[in-house]
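Structure at a glance
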Protein chains: 2
Amino acid sequence: MSPSATWRGSKGTPVSTVGEFGLIARLDDLVAEGARRHRLASDCVALGIGDDAASLRPSPGHELLVTCDIQVEGRHFDPAWISPHALGERCATINLSDIAAMGGIPRAAVVSLGLGPDSAVEDIEDLYRGMVDRLAEYGALLIGGNVSGLSSGLIVDVTLIGEVESGRAVRRDGARPGDLVWVTGSPGSACAGLELLRSGVRPSQQPQWASLIAAYLAPVPRVPEGRALAATGVVSAMIDTSDGLIGDLHHLVERQQVGILLREESLPIGEALGEAAIKLGRSPLSLLLGASDDYELLFTVAAGSAEQTVRALEETSKVAVWPIGEVIADAPGQILLEDRRGSRRPALAGGWDHFRSA
Amino acid sequence: MSPSATWRGSKGTPVSTVGEFGLIARLDDLVAEGARRHRLASDCVALGIGDDAASLRPSPGHELLVTCDIQVEGRHFDPAWISPHALGERCATINLSDIAAMGGIPRAAVVSLGLGPDSAVEDIEDLYRGMVDRLAEYGALLIGGNVSGLSSGLIVDVTLIGEVESGRAVRRDGARPGDLVWVTGSPGSACAGLELLRSGVRPSQQPQWASLIAAYLAPVPRVPEGRALAATGVVSAMIDTSDGLIGDLHHLVERQQVGILLREESLPIGEALGEAAIKLGRSPLSLLLGASDDYELLFTVAAGSAEQTVRALEETSKVAVWPIGEVIADAPGQILLEDRRGSRRPALAGGWDHFRSA
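Being a predicted model, the structure only gives us computed values, none of them experimental. (Residues numbered from 1 in each chain as written. Chains lettered and ligands numbered in written order. Predicted model: local features only at pLDDT ≥ 70, side-chain atom pairs only at ≥ 80, totals over all residues. Heavy atoms only, no water.)

In this section: the confidence of the model for chain A. Looking at chain A as a whole, the pLDDT averages 91, with 95% of positions reaching at least 70. Across the interface, the model reports ipTM at 0.92; the global pTM reads 0.93. (pLDDT = per-residue confidence, 0-100.)

Here's what the structure looks like:
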């Protein structure tokens, strides 16, 4: 990650000098080289880039998982803050995280690019390298895509296909009263990192904020963690925290006859998040719960199975995991927050809304 | 198709009043209603819209096909010319055509939308209805997607998953010397239709151009034709003509030890195309061969199997099919055009290039 890197932009080779098919040929070579470099067994790919459609061989006994996510310059990322390679990694991560949240195995991705006239071929190659590298870390190949011109800016839309053993996908809608609610990692860090960047902090000059800023710019998908959780067979619901903790807690209870009670004292507010809250003049709780770009896993499990579940996670991963509340029957569709004195209030609605916030 | 329809734009319900999740909920309802209306057997979909990823059950003995295509306002479509519903159909068709060109069966699509602030909820619903309806005509379901704000304009990126019997996908790279080259339909019509629109022709006022303009605005994917051709087992290569006849002929020979000889007298220049050429001050040949948005099928087959192939096609479809040339060994990588006197010249390079033409 080098968030202070500037893009080549018009100082690089303009895409117009190589043309659409020239660019595609360079990207194809780069993808093939990446697959060799990562020694990826591509036995699931019958036909990669270069035909009307790519072709995959599904694994027997598995279902397919499909997810897509469009990332728009100026909305989801700022080229002043993130290098092309790190952006490519981030675009892959966002989709890998969705497959992780189903308990799945990432397999293959296609990408659509929209490129403004100032796009430099070298930047697009770096972006692709970032995607190819990050996908390869989790066993997935880039197998196709297409590009279009735009009047300005950059748009990256990745569709990722994964697999999961038939009937074993972990859905959002399985939480039952009495289940405990857990979350991995340090939710709120990405939100704090973004706010710090917006306030003018640059990690190269202020390294004390680097971990929070890295949480925003260079998130890691919880793929092995999602697999380990799904393999226990006892996780009742799972989702990633891409819409913020409160937003995604709402997704777990919407159209369900359950609510969720969060215990304020159990929420993981680390030292860095606390200090960032002071610097930003925000409450740590609003950073933890609010609009966010975390890609942590939020899951529910029956109390009696919690120990087994956490042990399975700890055998796979060093990521921290926190019990933050429980599923309740008496407030369907609601997220309540209980303070240290036992008094309950609705947790603030939050989460990122592309149109309301725009 | 109603190309003269104006969009509601800022006169409709702004997306900001319903928000991202409100819009998604309305689109989800519309997709569910569409599946019921079309009585689509969704037994291949284990989990549709509403989770981190959708889930599909692959058919035993089949490979998956994956394709994506990004459509950008002002590059690929002009809202003054095409209604939201017709645009949705067109976005689906472009991807259906790629699955058709592999000989595949369309199954399921995901869509990423980028919406400018003037987008009206009703327009986006019509766009979705167009996609859902067109996909359903060919047996495919919309199973997921995501939306983002844009500073302006509209972007639609569809990823379509299909299936084909294992090992039976028809690739681009199988043409052999002596094979005959065939094309379906009326290639060049879409290019002529686009040029007519650009020259100010409106089909509501000048119905004599309606068929050419419809070829551009409302193309039909050749899905049953692609299946019938693949089922013969003798089609050696196939591609759709999305990059224009010459562009796609080049795709058939690139990196191959073959060329293609087109016979000018065999090229299907119909009455409407001939008249459009006169009106536009273009040669009919340049319309037929040049940059294009046709979604016809271009395929090669050994001369001895041609009759069987054409019969299979005629049993499935009323679409015309034309033998336009043959695969030759003595001009590898080249497309030659033979005139009525037997003299040969390289056919003009053409095809749409998003960066060079921009």
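Right, let's talk about the environment of A303(B) for a bit. Residues and elements named next belong to chain B. Tracing the backbone shows A303 in the loop between β10 (297-301) and α10 (306-316). Separated by 89 residues in the primary sequence, A303 and A214 have C-alpha atoms spaced 33 Å apart. Filtering out sequence-adjacent residues up to four positions away, A303 remains in contact with G178 and L180. (Helix = DSSP H or I, 4+ residues; strand = E, 2+ residues; numbered from the N terminus. Contact = heavy atoms within 4.5 Å.)

Residue and element names in this part refer to chain A. For helix α6 (residues 223-232), the buried fraction is high: seven of the ten residues fall into the buried class. The complete set of buried residues in α6 reads V223, E225, G226, A228, L229, A230 and T232. Lining the buried residues of α6 we find α2 (84-101), β4 (105-115), β8 (235-240), β10 (297-301) and α10 (306-316). Once α6 ends, the next one or two residues include G233, with phi positive near 75 degrees. (Buried < 20%, exposed > 50% of the residue type's maximum accessible area, 1.4 Å probe, protein only.)

Between the two copies, chain A and chain B, the superposition gives an RMSD of 0.0 Å; the rotation angle is 180 degrees and the shift along the axis is 0.0 Å. Here the copies are linked by what is in effect a two-fold axis. (Least-squares fit on C-alpha atoms with pLDDT ≥ 70 in both.)

Here we come to the pattern of salt bridges. All names here are of chain B. Evaluation of the coordinates by the stated rule reveals 44 salt bridges over all chains. Its salt-bridge partner being E137, residue R134 comes within 3.1 Å of it at the nearest N-O pair. With R134 and E137 both in helix α3 (residues 121-137), this residue pair falls three residues apart, about one helical turn. (Salt bridge = Lys/Arg side-chain N within 4 Å of Asp/Glu carboxyl O.)

Listed by partner, the interface residues are 65 residues for chain A and 65 residues for chain B. With both chains or domains summed, chain A and chain B bury close to 5,300 Å², and 59% of this area falls on carbon and sulfur atoms. Here chain A is connected to chain B by four salt bridges. Across the salt bridge formed by D51(B) and R172(A), the nearest N and O atoms sit 3.6 Å from each other. Scanning the region where chain A abuts chain B turns up 24 residue pairs in polar contact (both at pLDDT 80 or more). (Buried area = accessible area lost by both parts, 1.4 Å probe. Polar contact = N/O pair within 3.5 Å; in protein donor to acceptor, adjacent residues only side chain to side chain.)

The next subject is the packing of aromatic side chains. All names here are of chain A. Scanning all chains against the criterion turns up two aromatic pairs over all chains. Considering the side-chain rings of W182 and F299, the 6.4 Å spacing of their centres and the 5 degrees angle between planes classify their relative orientation as stacked. Placement of W182 in strand β7 (residues 180-184) and of F299 in strand β10 is noted, with a sequence separation of 117 residues between them. In this pair, the class of W182 matches that of F299, namely buried. A cation over an aromatic ring shows up here: R90 above the ring of Y216, its NZ or CZ 4.8 Å from the ring centre. (Phe/Tyr/Trp six-rings, centres within 6.5 Å; stacked < 30°, edge-to-face > 60°. Lys NZ or Arg CZ within 6 Å of the ring centre and 35° of its normal.)

So, on to the side chain of T184(A). Among the structural elements, T184(A) can be located in strand β7. A distance of 2.9 Å separates a polar side-chain atom of T184(A) from the backbone nitrogen of L297(A).

Moving on to the pairing of strand β6 (residues 154-165) of chain A. Residue and element names in this part refer to chain A. Of all the twelve residues making up β6, eleven are buried; the element is thus mostly covered by neighbouring parts of the structure. Judged from the eleven bridges that link them, strand β3 (residues 62-72) and β6 form a sheet pairing that is antiparallel. Across the sheet, D69 pairs through a bridge with V158, a residue of β6. Pairing between β4 and β6: ten bridges, direction antiparallel. Bridge pairing in β6 places L113 opposite V156. (Pairing = 2+ DSSP bridges.)

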